[in-house]
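Listed below are the residues making up each chain.
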Amino acid sequence: MKTVFSGIKPTGNLGLGNYLGAFKAWGNLQNEYTCIYSVVDLHALTIRNDPQTLKENSRKIIMLYMAAGIDPQKSIIYLQSHVPAHSQLSWILGCHSYMGELSRMTQYKEKSENNENVNAGLFTYPVLMAADILLYNTHVVPVGEDQIQHVELARDIALRFNNIYGNILVVPEAKTASKLTARLKGLQNPTKKMDKSTKDPLDTIFLLDTEAEITKKIKRAVTDSEARVYYDTENKPGISNLLAIYAAITNKTIEDSELDFQNKSYGDFKQSLIEVVLGELNPLQKEFNRLSQDTAYVDNIIIKNAQRAEEIAEKTLAKVQNALGIGK
Ligand code: TRP
């Protein structure tokens, strides 16, 4: 079986955008691929975190992975910092990356503007990400559109490395989620990405929001004055975004979703959407809450899965070190 690898950074609370655009679909890949899903806590260090909060967030994501149907016996879910090979390979790959190509990364350019903490980690972030991917002989990397450039860099680094040292690294490919879900927009700012680190709490539905919060956020979501439900991102960004959420959760096409609300008011549409979102998140939250009570079980999953990850990672690292004439 080919290998899928992806990761989520444990900063902020995960929102509906992360879920529908990413890990809701990850569970479905488990029968076709060997799946490895990381919580990339080293990547989180490019900003200052409260240590306790970082720890809790990382654990929350492991539990959300499980609650979303990722089976920790079949797939590997683990914390990046538990496997030292990530940092070790990252240094080596950094010596095979160029200042020029790293300077061209869009995310780096954006994050280094208007930022007081432009640390070197922000610059080498994509090198660590390449190490994540390449350690596990990954074929496919499911990511949002904003991360494609980073996966392509990982490809370039792997090809370059293989050119010099022989065929050692598997060359990965990015795979984006369906166009609609990959681009969920804010409920208050429907022309901007639904962002988990938003300043406006009404903008994002968080996965662990209460029923009352979800209801309020959808009721207050920005629409328009036309009072007809159809998809037109130019003129009706708010309604189009709500339709995209509805379609993503119900697995319907946009056309079928429009038909569901042909002669309905925005109020009726929003009410249906509230039910659909709650119907999706209720079971997820229930399972999350159950896991939260079972500390010993989750601890064990985290330890065992890190060992499984480490076994694979160590092999790749040893091959790389050997090719370079370093290591034991
Ligand atoms: N950079 C990714 C993001 O911000 C997270 C990430 C880190 C990742 N390492 C990865 C994603 C490896 C896929 C594969 O979303």
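Structure shown above.
Residues numbered from 1 in each chain as written. Predicted model: local features only at pLDDT ≥ 70, side-chain atom pairs only at ≥ 80, totals over all residues. Heavy atoms only, no water.

(A) Layout of helix 3 (residues 85-94). Every buried residue of helix 3 is accounted for by Ala 85, His 86, Leu 89, Ser 90, Ile 92 and Leu 93. Take helix 3 and look down its axis: the buried residues cluster within an arc of 165°, on one side only. Turning to helix 3, the residues buried within the fold contact strand 3 (76-79), helix 6 (120-135), helix 7 (148-165) and helix 13 (295-324). (Buried < 20%, exposed > 50% of the residue type's maximum accessible area, 1.4 Å probe, protein only. Helix = DSSP H or I, 4+ residues; strand = E, 2+ residues; numbered from the N terminus. Arc of directions from axis to C-beta. Contact = heavy atoms within 4.5 Å.)

(B) How the structure looks around the nonpolar core. In this structure, Leu 16, Phe 23, Tyr 65 and Ile 245 are the most contacted members of the largest nonpolar core, which totals 59 residues. Counting residues per element, this core draws most heavily on helix 12 (residues 266-293), which supplies 11 residues. If near-sequence neighbours (up to four positions away) are discounted, Ile 245 is found in contact with Leu 16, Leu 20, Leu 184, Leu 187, Met 194, Leu 273 and Val 277. Among the nonpolar cores identified, the runner-up in size contains 35 residues, and Ile 36, Ala 131, Val 151 and Leu 169 belong to it. (Core = buried A, V, L, I, M, F, W, Y, C linked by side-chain atoms within 4.5 Å.)

(C) Spotlight on the side chain of Asn 119. Looking at the secondary structure, you find Asn 119 in the loop between helix 5 (106-112) and helix 6. Engagement of the side chain of Asn 119 in a polar contact is seen with the backbone nitrogen of Leu 122, the distance being 3.0 Å. (Polar contact = N/O pair within 3.5 Å; in protein donor to acceptor, adjacent residues only side chain to side chain.)

(D) Here's a closer look at the packing of aromatic side chains. For the coordinates displayed, the defined rule picks out 12 aromatic pairs. Ring centres of Tyr 246 and Phe 261 lie 4.9 Å apart, and the angle between their planes is 75°; on these two criteria the pair is classed as edge-to-face. In this pair, Tyr 246 is assigned in helix 10 (residues 237-250) and Phe 261 in the loop between helix 11 (254-260) and helix 12, connecting sequence segments 15 residues apart. Here the two residues Tyr 246 and Phe 261 agree in accessibility, since each one is buried. An aromatic cluster is present here, built from Tyr 19, Phe 23, Trp 26, Tyr 37 and Tyr 65 joined pairwise through their rings. (Phe/Tyr/Trp six-rings, centres within 6.5 Å; stacked < 30°, edge-to-face > 60°.)

(E) Broad picture of the environment of Leu 64. Along the chain, Leu 64 falls in helix 2 (residues 51-67). Leu 64 has contacts with Leu 14, Phe 23, Leu 207, Leu 208, Leu 284 and Phe 288, leaving out every residue within four places of it along the chain.

(F) The site of the ligand, seen in detail. Around the ligand, a shell composed of 13 residues is seen, among which His 43, Tyr 125, Met 129, Asp 132 and Gln 147 lie nearest. The contact in question runs from a nitrogen atom of the ligand to an N or O atom on the side chain of Asp 132, over 2.7 Å. For the ligand, whose free accessible area comes to 370 Å², the fraction covered by protein is 89%. Counting only elements with at least two residues in the shell around the ligand, the list comes to strand 1 (3-8), helix 6 and strand 4 (140-143). When the residues that make up the shell around the ligand are grouped by side-chain class, the tally is seven nonpolar, four polar and two charged. (Near = heavy atom within 4 Å. Areas by Shrake-Rupley, 256 points an atom, 1.4 Å probe, with all protein chains shown as cover. Nonpolar A, V, L, I, M, F, W, Y, C, P; charged D, E, K, R; others polar.)

(G) Seen up close, helix 12. For helix 12, built from 28 residues, the straight-helix expectation of 40 Å at 1.5 Å per residue is met to within 8% by its first-to-last C-alpha distance of 39 Å. At Leu 281, helix 12 shows its largest kink, close to 25°, and the proline Pro 283 lies no more than four residues downstream. (Expected span 1.5 Å × (residues − 1). Bend = angle between axes of the 7 residues up to and from the residue.)

(H) Fine view of the packing of helix 10 against helix 12. Relative to each other, helix 10 and helix 12 sit at 40°, their axes nearing to 10 Å. Comparing the axis directions of helix 10 and helix 12 gives the class oblique. Considering how the two elements wind past one another, helix 10 and helix 12 form a crossing that is left-handed. Contact with helix 10, carried on its side by Ile 239, Leu 242, Leu 243, Ile 245, Tyr 246, Ile 249 and Thr 250, involves Tyr 266, Phe 269, Lys 270, Leu 273, Val 276, Val 277 and Glu 280 of helix 12 and no other residues of that element. Grouping the amino acids of the contact of helix 10 with helix 12 by side-chain chemistry returns 11 nonpolar, one polar and two charged. (Axes fitted to C-alpha atoms, helices over the stretch in contact; angles between N-to-C directions. Parallel < 35°, antiparallel > 145°, perpendicular 65-115°, else oblique. Left-handed = near helix turned anticlockwise from the far one by under 90°.)

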